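Letter by letter, the chains look like this.
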Amino acid sequence: MVRLISRIVLLMIIFAVVTGKGSRATGSVNSGDEKKYQLTFGESYHNYLPGSLLSIGVVFKNTTTDSLKISRELLVTDSEGVKVWNTVINLGLRPSGSVTIPLMVPVSKSSGAFTLTIAEEANGAPVPSFLFSVIQPKKSPRLSKILVHTPDSEVGLNKFLKSWDIKAPTISWGQVLLLGKKSWAQYVAGDKEITQLVDRALKREMSVIFIDFGPVGKIEDPRKKIRLPYDVSVSFIKAKAPEQSFVLKSNYKELTFDFPSCQMQHWNGFLGVTVPANDFIFDGKDVKINAYATSGENPYRFPLVELIPKHEKGKLYLSQILTEGRLDELVKPQRNHPELQAYDPVAVQFLLNLISATVGDNLLK
């Protein structure tokens, strides 16, 4: 628990000091040139299942020394700007006072991108907004033909695969070997069971996926190299900052299945972080490396890559994109703690799509 709290605090410091990004947005209501009050949306989750509830605080702050009576319409619009929900808040503000209104917004029963906001000001004042997505994850027709194996030690991943009916009873039945953080830590430590499992899967021309891929423990000397299959090694370096968004390559149709856009942003929890603040460097030859996603800028980062050997079998996929703690719908987040990781239907759809995108036609025959 102490390590989790420290991690959350570190992320909050990074975003407050380094990126300056967040979900808060402030608008003002003007009378002449005098700003009378500010309206601010607080932090909340950004991705929801159809028909659920969005819980968010709305802060009204009086910027004058006079008492104010306020009547304000809040509304939700879809991607076309059409109003789909609204409510009116009436309240009084003391001089220089502020009030936080806890708001429960019913989420649309249809998938799409939505914005919680207020009506535009006639004088062009900044308009606060909070963006959120609604999605019902589903398997693509291709994924319905695929079976995935994962070690028994990956309890969460096994539960996820079973819930989606894509679990292979043994590795001999599967087209994909899916491995999480626990398996990666074992692989780095030289665990024979995991290394032999990876070797066996690749020799069978399976796709091997490491999700939540990153350094084990602290980022160490970048000269320290970790041996991967295909006589390739990887080392980790600190990135400028974590990322709240990434863009999927549009030419991988299975990867973008059922997404309205190739841009993914604001995972639920950890202040919307989707990619951690570390990067990797490869060393080797006779391996083709394809980027499935990009994030950041100056320079761009590639948090999802495919390694295809020229003279060996199988394919290896390394994904830095965070999924841990976001795949189990039955795990309910703590109230009023949107900084904690929580079930995320967009992250679920991403992982389903990733599994499907890694399987070639030759493995479906």
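Since the structure is predicted, the reported quantities are computational estimates derived from the model, not experimental observations.

## Quick word on the packing of aromatic side chains
Right, so step 1: A full pass over the atoms with the stated rule returns 15 aromatic pairs.
Right, so step 2: Taking 5.8 Å as the distance between ring centres and 70° as the angle between the ring planes, the aromatic pair formed by Phe 246 and Phe 350 counts as edge-to-face. One end of the pair, Phe 246, is in strand 15 (residues 245-248); the other, Phe 350, is in helix 5 (residues 345-357), and 104 residues separate them in sequence. Residue Phe 246 shares its accessibility class with Phe 350, and that shared class is buried.
Right, so step 3: Each ring, one from Tyr 292 and one from Tyr 317, has its centre 5.7 Å from the other, and the planes form 70°; the classification is edge-to-face. Of this pair, Tyr 292 sits in strand 18 (residues 287-295) while Tyr 317 sits in strand 20 (residues 315-319), and the two are 25 residues apart along the sequence.
Right, so step 4: Ring pairs connect the aromatic residues Trp 184, Tyr 187, Phe 210, Phe 213, Phe 236, Phe 280 and Phe 282, which therefore count as one cluster.

## Observations concerning the environment of Trp 267
Right, so step 1: Within the secondary structure, Trp 267 is located in the loop between strand 16 (263-265) and strand 17 (278-283).
Right, so step 2: For the pair Trp 267 and Pro 345, spaced 78 residues apart in sequence, the C-alpha to C-alpha distance is 9.3 Å.
Right, so step 3: Dropping the residues within four chain positions of it, Trp 267 is found in contact with Asn 47, Phe 246, Gly 272, Val 273, Thr 274, Ile 321, Leu 322, Arg 326, Asp 344, Val 346, Ala 347 and Phe 350.

## Observations concerning the pattern of salt bridges
Right, so step 1: By the definition in use, this model includes 8 salt bridges.
Right, so step 2: Residues Asp 328 and Lys 159 are paired through a salt bridge, measuring 2.9 Å at the closest nitrogen-oxygen approach. Here Asp 328 is found in the loop between strand 20 and helix 5, whereas its partner Lys 159 is found in helix 2 (residues 155-163), with 169 residues between them in sequence.
Right, so step 3: Between Glu 243 and Arg 301 there is a salt bridge, with its nearest N and O atoms 3.7 Å apart. Taken together, the residues span a long stretch of sequence, with Glu 243 in the loop between strand 14 (232-238) and strand 15 and Arg 301 in strand 19 (residues 301-309) at a distance of 58 residues. For the pair Glu 243 and Arg 301, a shared accessibility class is recorded, and that class is buried.

## Looking at the pairing of strand 8 (residues 112-118)
Right, so step 1: Burial analysis of strand 8 places 5 of its 7 residues in the buried class, the great majority of the element.
Right, so step 2: Pairing geometry for strand 5 (residues 68-77) and strand 8, over 4 bridges, is antiparallel. By the bridge assignment, Leu 74 is partnered in strand 8 with Ile 118.

## A closer look at the sheet that holds strand 13 (residues 226-228)
Right, so step 1: Spatially, 3 strands are ordered 13-14-17 in an open sheet, and the strand pairing comes out antiparallel. The two strands at the open ends of the sheet, each matched to only one other strand, are strand 13 and strand 17. The mean inter-strand angle of the sheet, taken between neighbouring strand axes irrespective of direction, is 35°.
Right, so step 2: The strands that helix 3 (residues 181-188) touches are strand 13 and strand 14; relative to strand 13, the one it contacts most, it runs at about 105°.

## Thoughts on the sheet that holds strand 18
Right, so step 1: Taken in spatial order, the 8 strands of this open sheet run 10-11-12-20-19-18-15-16, and their pairing is mixed. Across the chains shown, the open sheet's two edge strands, defined by having one partner strand only, are strand 10 (148-149) and strand 16.
Right, so step 2: By the bridge criterion, 2 bridges tie strand 10 to strand 11 (residues 176-179) in an arrangement that is parallel. Counterpart to His 149 in the pairing with strand 11 is Leu 177.

## Considerations on the side chain of Thr 117
Right, so step 1: With respect to the element layout, Thr 117 can be found in strand 8.
Right, so step 2: Thr 117 gets classed as buried once you look at its relative accessible area, which sits at 8%.
Right, so step 3: Side-chain polar atoms of Thr 117 contact the backbone oxygen of Pro 128, separated by 2.7 Å.
Right, so step 4: Once residues lying within four places of it in the same chain are set aside, the contact partners of Thr 117 are Phe 41, Glu 73, Leu 74, Leu 75, Val 127, Pro 128 and Ser 129.

## Regarding the side chain of Thr 358
Right, so step 1: Structurally, Thr 358 is set in the segment after helix 5.
Right, so step 2: Apart from residues lying up to four places away in sequence, Thr 358 is in contact with Val 176, Ser 207, Ile 209, Lys 315 and Tyr 317.

Criteria and cut-off values
- Residues numbered from 1 in each chain as written.
- Predicted model: local features only at pLDDT ≥ 70, side-chain atom pairs only at ≥ 80, totals over all residues.
- Heavy atoms only, no water.
- Phe/Tyr/Trp six-rings, centres within 6.5 Å; stacked < 30°, edge-to-face > 60°.
- Helix = DSSP H or I, 4+ residues; strand = E, 2+ residues; numbered from the N terminus.
- Buried < 20%, exposed > 50% of the residue type's maximum accessible area, 1.4 Å probe, protein only.
- Contact = heavy atoms within 4.5 Å.
- Salt bridge = Lys/Arg side-chain N within 4 Å of Asp/Glu carboxyl O.
- Pairing = 2+ DSSP bridges.
- Axes fitted to C-alpha atoms, helices over the stretch in contact; angles between N-to-C directions.
- Polar contact = N/O pair within 3.5 Å; in protein donor to acceptor, adjacent residues only side chain to side chain.

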